[in-house]
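Topology and contacts: notes
The residues making up each chain are set out below.
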Amino acid sequence: VAPPAPHLDPDSVNGHSMATRTRCMAEAAWRLEDTIEKPLASLEYPDRPEARLAYFEAAKAEVRYCRALVAMLVLSVFETPAWCGQQSHSLFGDAGARCSESPGGDDILLSGVPYIPLGWGLIIELVILYFISKKFRLERAVQLEYFETMTPKQEYYNLKGINFGLACVAFEVLDMVFFVAFRPRFRLAFLARTGYLFLLPAVLNLSQLVYSCLWEFFSIASFLIGTILLFAWIAVMIFQDMSLGAKGFHSFSSALYSMFVAGVSAEFLTTFLESYTTHRWVGLLWLVFLVIVHVLLLSLVLDTLTAAYMTYSEKYAEEEAEHKVKGILKAFRVIAEVTDSPNSSDNPEVTKKGFIAFIKEYSLSPKVVPMSEDKASIMFMAIDKDGSGLIDYEEFCGICRVIQYKVWCTRKDSFLATWCPALWDSGRFRRFRRFVVGEGGQHSQRAGLSISDMVHSSEDHLTSEDQASGPEQSAGIPGLERWMNVVLIVNLSLVVLETAYDLSKVPEPPMFEFLELVFSLVYLGEVMCKLSVVSFGEYWAFTSNQFDFFSTWLLLSTSVIERLFSGNLSTYANMLRLLRLLRVVKNLKNVDSVQFMVKTISKLLLTAKDMVILLGVVVFFFTLLSVQLVGGELYVGNKKLEGSEYLEEHMAVLNCNDVPCAFGLWVVMLLSEYVPNFPDAVSRVSHVPGTWIIFPIFYVCGVSIVFELVKAFTIEVFITLFRERARKEVKHEDAFERCLHVFRQALDKRGENLHYRESGNESQQLAIQEALERLGHKAEK
């Protein structure tokens, strides 16, 4: 007798129940989200459904945490300095009015920003700390309750970092209580605030880079220090018995500082001038010193950091790409295991139904850009080139690259296409549309095609030229664009004539005002022509159009106000002419060399975000530190500064009296490398002995290491882009490019355009693609 058939769940797929499928989809979505943000390929996830819900709460708290950090930075700028609040007996009074006057009645130069009263500042600070602590508390709960209880234990959140953050919150609260109770002239909250910023992922990752470059840096720095010590000793031996020309070289300590200033800054002329004027032969000694230090050693510091940075970045990028590819592979296998894929585990594939279920689960996270089922269907059929209804691992990786982009769709045609279809389809308006947007903008159709029809009809017309085209390209320059170029050239001539009249102090002819109004109306007509052909969303998707829109209305409004109301806007005339000039310069984007420089600058701005954050954290720490140490002490009437070069060179505006002024001081220090007048002035007025030492420390940490790494980063980006420009290779179509292009073509059939903005690093995307190819080659072997 045959055994009875086992009971099968009607909702089961491949032997997996609905609950198991839901749990596995949640795990795959969680893993892919983490893989994109931070590679954790070896991490295992808890199988309890409430773990992902707890993670969602922690992710929401992290979003609010980032906003709280921004609010904390703003508060640091506008809060009343502690040294100034000491003079006020009321926490909610206007203490800022007392900050501009010293106890002796002298004026203190401030930045001029309005200060938040102390009481309100403390209340705002307390609210910010609540959101900061909530993020740490929720992350700690997730780690302890769900990951620490697994066998073996998994580290999803770093408990050491969380405990450090909570300790910073407690420290800042205690500092607030101490300040309210005793009202000292300084606060230590800047330590906690810098600690929050140090816990940012960008800072933590780059701190590893800095640590890896320290050995190379110290190897060159040791030679630099040895050279300074040697020449300081030689200078002391030469000038110890001389009375003339020995300024700065009377003792070894003074000679050491003088040689340090001459070696690391542009103040070597001031340092060596008196000795060279008195004893001309000593110029040979100074020449040897300057050649060794400035020409050789300081250049080697940048070269060494550049080489170390490029080596580390290449290694780190490859390792991160490998981890990301492995994480994507694990997520793909989990999805394929619980879907009704007909293939074996050796060659897993994902069905359309399973992919859409995965996208639904993936879109639940508050940290990702949600994707609708409609767009997921288009994306799936775009990547499924053979139309089998299944996608393999390589195609899934292409989709994973697409969902990392910020993607949005806009309707192509203007409101006239719906409101006045007869006018829209008429022959004259067709020619007008071709004149405005060119041939490339005339392919939209409003036919009600299905998704499958749209995708596969797009694939039939897929050519190599289509693959290289983007949403901004068209078949030639439209007639309106060519006509507006002529108008801009004529307008440029008017700007040149107006400038010549102004520089010559000659009154402008009245006709010039009329011509300005005419040009403003022409620019307005350009905007209206474009909006009569394309939708506002499509028009607004491009930054150049946004600039044209704002500049057009600003120029037109000022021209109308000046003519109708006889307003006097001559003060702003040059700025308005600058807008007209920028419209002309904007057309230089069609020149190849200009395109390369614009691409380089935009790439630097996009990819240098982490490096700039690290540099900003360093400057932020020294800015707040200097305000607490010497706030309210650097002003013209301070008798301790009499005879200092700080006052003789009229540098009193660069002070540490509040955060904006102190920030300007440290930016000057950063760009000038070292300004000896600042530590000299601080050593004269500070109540804390040795405060001036923060300036040499900033030179070592901020200028010699972090800022030099920023330079190394820019060098690497430029070299990479220059090589890509010189190397003209034929691009091979991969799953990512095919998915993105056919997605665009499918939306084009619906009368929509696809716009996307890269949310990550393009070089990292290419590294992932290379790692994927290497993984495929290993599998073939």
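Residues numbered from 1 in each chain as written. Predicted model: local features only at pLDDT ≥ 70, side-chain atom pairs only at ≥ 80, totals over all residues. Heavy atoms only, no water.

What to know about the overall build of the chain
Basically, it comes down to this: What counts as a helix is a DSSP run of H or I of at least four residues, what counts as a strand is a run of E of at least two, and both are numbered from the N terminus. Three exposure classes are used, based on accessible area relative to the maximum for each residue type with a 1.4 Å probe and protein chains only: buried under 20%, partly exposed in between, and exposed over 50%. Between two residues, a contact is recorded if the distance between any of their heavy atoms is within 4.5 Å.
What the chain contains, in helices and strands, is 32 helices and four strands. Relative to its 781 residues, the chain shows a buried fraction of 46%. In the chain, once contacts between residues fewer than 6 apart in sequence are set aside, the share between residues at least 24 apart is 76%.

Describing the environment of Asp303
For Asp303, the location among the structural elements is in helix H11 (residues 282–337). Under the relative-accessibility criterion, Asp303 is labelled partly exposed at 45%. For the pair formed by Asp303 and Glu708, sequence separation is 405 residues and the distance between their alpha carbons is 9.4 Å.

Considering the packing of helix H26 (residues 609–630) against helix H28 (residues 659–672)
In plain terms, the rule: The axes are straight lines fitted to the C-alpha atoms, using for helices just the contacting stretch, and the angles between their N-to-C directions are given from 0 to 180°. Angular relationships are summarised with four words: roughly parallel below 35 degrees, roughly antiparallel beyond 145, roughly perpendicular across 65 to 115, and oblique for the angles in between. In this scheme, a crossing is called left-handed if the near helix is turned counterclockwise away from the far one by less than a right angle; it is called right-handed if the turn is clockwise.
Put simply, H26 and H28 touch, their axes get as near as 9 Å, and they point 125° apart. With respect to each other, H26 and H28 are oriented oblique. Of the two possible hands of crossing, H26 and H28 adopt the one that is right-handed. Residues Leu615, Val619, Phe622, Thr623, Leu624, Ser626 and Val627 of H26 form the contact with H28, whose participating residues are Val659, Ala662, Phe663, Trp666 and Leu670.

Some points on the packing of aromatic side chains
Inclusion rule: Each Phe, Tyr or Trp ring, with Trp reduced to its six-membered ring, pairs with another whose centre is within 6.5 Å; inter-plane angles below 30 degrees give stacked pairs, above 60 give edge-to-face pairs, and intermediate values give tilted ones. By the criterion adopted, a ring carries a charge over it if an Arg CZ or a Lys NZ lies within 6 Å of its centre and within 35 degrees of its normal.
Counted under the stated rule, the structure contains 47 aromatic pairs. An angle of 65° between the planes, with centres 6.3 Å apart, marks the rings of Tyr45 and Tyr156 as edge-to-face. Of this pair, Tyr45 sits in the loop between helix H1 (18–37) and helix H2 (49–78) while Tyr156 sits in the loop between helix H5 (118–147) and helix H6 (159–182); the two residues are 111 residues apart in sequence, bridging distant segments of the chain. Here Tyr45 and Tyr156 have matching classes, each one buried. Put simply, the rings of Phe190, Phe621, Phe622, Tyr646, Trp666, Phe678, Phe695 and Phe698 pair up and form one aromatic cluster. Note that Lys135 overlies the ring of Tyr65, its terminal NZ or CZ placed 4.4 Å from the centroid. The ring of Phe179 has Arg187 sitting right over it, with the charged end atom 5.6 Å from the ring centre.

Regarding the environment of Tyr65
The residue Tyr65 is located in helix H2 in this model. Once residues within four sequence positions are removed from consideration, Tyr65 is found in contact with Ile132, Lys135, Phe136 and Tyr196.

Remarks on a nonpolar patch on the surface
Quick note on the threshold: To count toward a patch, a residue needs a relative accessible area above 30% and no salt bridge. Like charges then connect within 9 Å, nonpolar side chains (Val, Leu, Ile, Met, Phe, Trp, Tyr) within 5 Å. Working definition of accessibility: Shrake-Rupley area with a 1.4 Å probe, residue cover restricted to the visible protein chains. What counts as a salt bridge is simple: a side-chain nitrogen of Lys or Arg found within 4 Å of a carboxyl oxygen of Asp or Glu.
A contiguous nonpolar surface patch, about 570 Å² in accessible area, is contributed by Ile225, Leu229, Leu230, Trp233, Met237 and Phe252. At five residues, the largest contribution of residues to the nonpolar patch is made by helix H8 (residues 201–239). The residue Trp233 is located in helix H8 in this model. Note on Trp233: relative accessible area 48%, which makes it partly exposed.

Some remarks on the confidence of the model for the chain
Threshold: Looking at any residue, its pLDDT shows the predictor's confidence there, from 0 to 100.
Averaged over every residue, the pLDDT of the chain is 80; residues scoring 70 or more account for 81%. The element-level mean pLDDT for the chain is lowest in helix H19 (residues 464–468), coming to 34, with helix H7 (residues 189–198) highest at 96. In the predicted structure, residues 1–11 sits below a pLDDT of 50 and forms five contacts with residues beyond four places in sequence or in another chain. In this model, residues 442–475 is a region of pLDDT below 50 whose contacts with residues beyond four sequence positions or in other chains number 64 contacts.

Some details on the side chain of Ser626
Worth spelling out the cut-off: The definition of a polar contact used here is a pair of N or O atoms within 3.5 Å, where within protein one atom must be able to donate a hydrogen and the other to accept one, and adjacent residues in sequence count solely through side-chain atom pairs.
With respect to the helices and strands, the residue Ser626 is situated in helix H26. Within the structure, Ser626 has its side chain in polar contact with the side chain of Trp666 (distance 3.1 Å). Ignoring any residue separated from it by four or fewer positions in sequence, one finds Ser626 in contact with Gly631, Cys656, Ala662, Trp666 and Ile694.

Considerations on the side chain of Ser414
Looking at where Ser414 falls in the secondary structure, it is placed in the loop between strand S3 (406–411) and helix H15 (416–419). Among the residues examined, Ser414 registers a relative accessible area of 0% and is labelled buried. Reaching out from Ser414, the side chain makes a polar contact with the backbone oxygen of Ser532 at a distance of 2.7 Å. Ignoring sequence-local partners within four residues, the contact set of Ser414 consists of Trp424, Leu531, Ser532, Val533, Val534 and Ser535.

A few points about helix H21 (residues 510–531)
Residues spaced three or four apart along an α-helix point in a common direction, a consequence of the helix completing one turn every 3.6 residues. Worth spelling out the cut-off: One less than the number of residues in a helix, times 1.5 Å, gives the span that helix is expected to have.
If you check H21, its first and last C-alpha atoms are 33 Å apart, about what 22 residues at 1.5 Å a residue would give, namely 32 Å. Listing the buried residues of H21 in full gives Phe512, Glu516, Leu517, Phe519, Ser520, Tyr523, Leu524, Glu526, Val527, Lys530 and Leu531.

As for unusual backbone geometry
In this structure, Pro152 follows Thr151 across a cis peptide bond, with omega equal to -5°. Within the secondary structure, Pro152 is located in the loop between H5 and H6. Phi is positive for Arg183, which is not a glycine, with a value near 50°. Structurally, Arg183 is set in the loop between H6 and H7.

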